[in-house]
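Now for the letters of each chain:
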Amino acid sequence: MTSSPRWTGILLAAGRGRRFDASGRQDKLLQILADGKSVAQHSAQNLLAVMPHVIAVLRPDNSELAGQLQAMGIECLVCHEADAGMANSLKHALRTTADSAGWVIALADMPSVKTSTMSLLFEALQAGAGIVAPVYQGRRGNPVGFANQYLPQLLDLQGDIGARSVLQSNPLTQIEVDDPGIHEDIDTRDALLSHLDKGGKANA
């Protein structure tokens, strides 16, 4: 009897968030939303609702966030090269889960993505899509998904542009979603206030 292939959700949570607080003292991912959960907890919750296995990548100096995510059952990886760019965090997670059939890669500062969007991405990967991304009102957003065949290209990434170059240079399955959350990140204090004004909770 063979086991079913493992699929992994990756939560990228190692950024410094300098646009939110240039001093680095206030971590945007730890900001509390209306229901008492942090930005990162919401983003993680949405990924956990869909993916059978979820890992998060963090900076080595963020034990508070690690504690929050571990309490949710998420395996936390520390990336010591995170400050050199998002690609380092992503590659660290990919190397650790290289045996996965594929990945849905989410950003920890995007708490409003609907779980239904996550499900559509995951279902498309399971159905054989190589690369998937959601589209709302004609504009692509996050999260994105990759089948294992793209692992070599992903491991060649450099700098702070994430997986954008792989998306741009390969066939892409775009999935129309009714989800403005794929464009909404908590990158600034104004973005946080806007999120709270809308109710401060992730969508179902």
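Here the structure is shown first, and the text comes after it.
Below or above, wherever it landed, is the structure these notes cover. (Residues numbered from 1 in each chain as written. Predicted model: local features only at pLDDT ≥ 70, side-chain atom pairs only at ≥ 80, totals over all residues. Heavy atoms only, no water.)

### Notes on the packing of aromatic side chains
Given two aromatic rings, one states the distance between the centres and the angle between the planes to describe the pair.
Inference 1: Evaluation of the coordinates by the stated rule reveals one aromatic pair.
Inference 2: With a centroid separation of 5.7 Å and 70° between ring planes, the pair formed by W7 and F122 is classed as edge-to-face. Within this pair, whereas W7 is found in strand β1 (residues 7–13), its partner F122 is found in helix α4 (residues 115–126), the two being separated by 115 residues in sequence. The pair W7 / F122 is uniform in exposure class, with both members buried. (Phe/Tyr/Trp six-rings, centres within 6.5 Å; stacked < 30°, edge-to-face > 60°. Helix = DSSP H or I, 4+ residues; strand = E, 2+ residues; numbered from the N terminus. Buried < 20%, exposed > 50% of the residue type's maximum accessible area, 1.4 Å probe, protein only.)

### Some points on the pairing of strand β5 (residues 131–136)
Inference 1: For β5, the tally of buried residues reaches six of six residues, placing the bulk of the element in the interior.
Inference 2: Residues of β5 alternate between two faces, with I131, A133 and V135 on one and V132, P134 and Y136 on the opposite face, all of them buried.
Inference 3: Taken together, the four bridges between β5 and strand β8 (residues 173–176) define a ladder with parallel strand orientation. What sits directly across from P134, in β8, is I175.
Inference 4: In this sheet, strand β6 (residues 139–140) lies alongside β5 in antiparallel orientation, the contact comprising two bridges. Across the sheet, V135 pairs through a bridge with R140, a residue of β6. (Pairing = 2+ DSSP bridges.)

### Here we look at the nonpolar core
Side chains that are nonpolar tend, in soluble globular proteins, to be buried together.
Inference 1: By size, the foremost hydrophobic cluster in this structure holds 38 residues, and its most contacted members are L11, L47, M51, L65 and L69.
Inference 2: Counting residues per element, the ones that place at least two in this core are β1, α1 (39–48), β2 (54–58), α2 (63–71), β4 (102–107), α4 and β5.
Inference 3: Here this core gets five residues from one element, more than from any other, and that element is α4.
Inference 4: L11 has contacts with A40, S43, A44, L47, I55, A56, V57, L69, A106, L107 and A108, leaving out every residue within four places of it along the chain.
Inference 5: Core analysis: the second largest hydrophobic core is formed by 25 residues, L12, V57, C79 and F146 among them. (Core = buried A, V, L, I, M, F, W, Y, C linked by side-chain atoms within 4.5 Å. Contact = heavy atoms within 4.5 Å.)

### Regarding unusual backbone geometry
Inference 1: For the peptide bond that leads from N142 to P143, omega is 5°, which places it in the cis range.
Inference 2: By secondary structure assignment, the location of P143 is in the loop between β6 and β7 (144–147).
Inference 3: In this structure, Q137 takes a positive phi of about 50° despite not being glycine.

### Comments concerning the pattern of salt bridges
Inference 1: Applying the stated criterion across every chain, the model contains three salt bridges.
Inference 2: A salt bridge links D99 to R6; its shortest N-O distance comes to 2.9 Å. Here D99 is found in the loop between α3 (86–96) and β4, whereas its partner R6 is found in the segment before β1, with 93 residues between them in sequence.
Inference 3: By relative accessible area, D99 is classed as exposed at 60%.
Inference 4: Of the residues examined, R6 reaches a relative accessible area of 33% and is grouped as partly exposed.
Inference 5: One salt bridge in this structure joins R59 and D61, with 2.9 Å as the shortest N-O distance.
Inference 6: A relative accessible area of 9% means that R59 is categorised as buried.
Inference 7: You can call D61 partly exposed: its relative accessible area is 46%. (Salt bridge = Lys/Arg side-chain N within 4 Å of Asp/Glu carboxyl O.)

### Some details on the pairing of β7
Inference 1: Residues V144 and F146 point to one face of β7 and G145 and A147 to the other, with burial holding for every one of them.
Inference 2: Here four bridges tie β4 to β7, and the two strands are oriented antiparallel to one another. Within β7, the position partnered with V104 by the bridge is G145.

### Details of the environment of D178
Inference 1: Here D178 lies in the loop between β8 and α7 (189–197).
Inference 2: Under the relative-accessibility criterion, D178 is labelled exposed at 58%.
Inference 3: Every residue in contact with D178, bar those within four places of it in the chain, is listed here: K114 and Y136.

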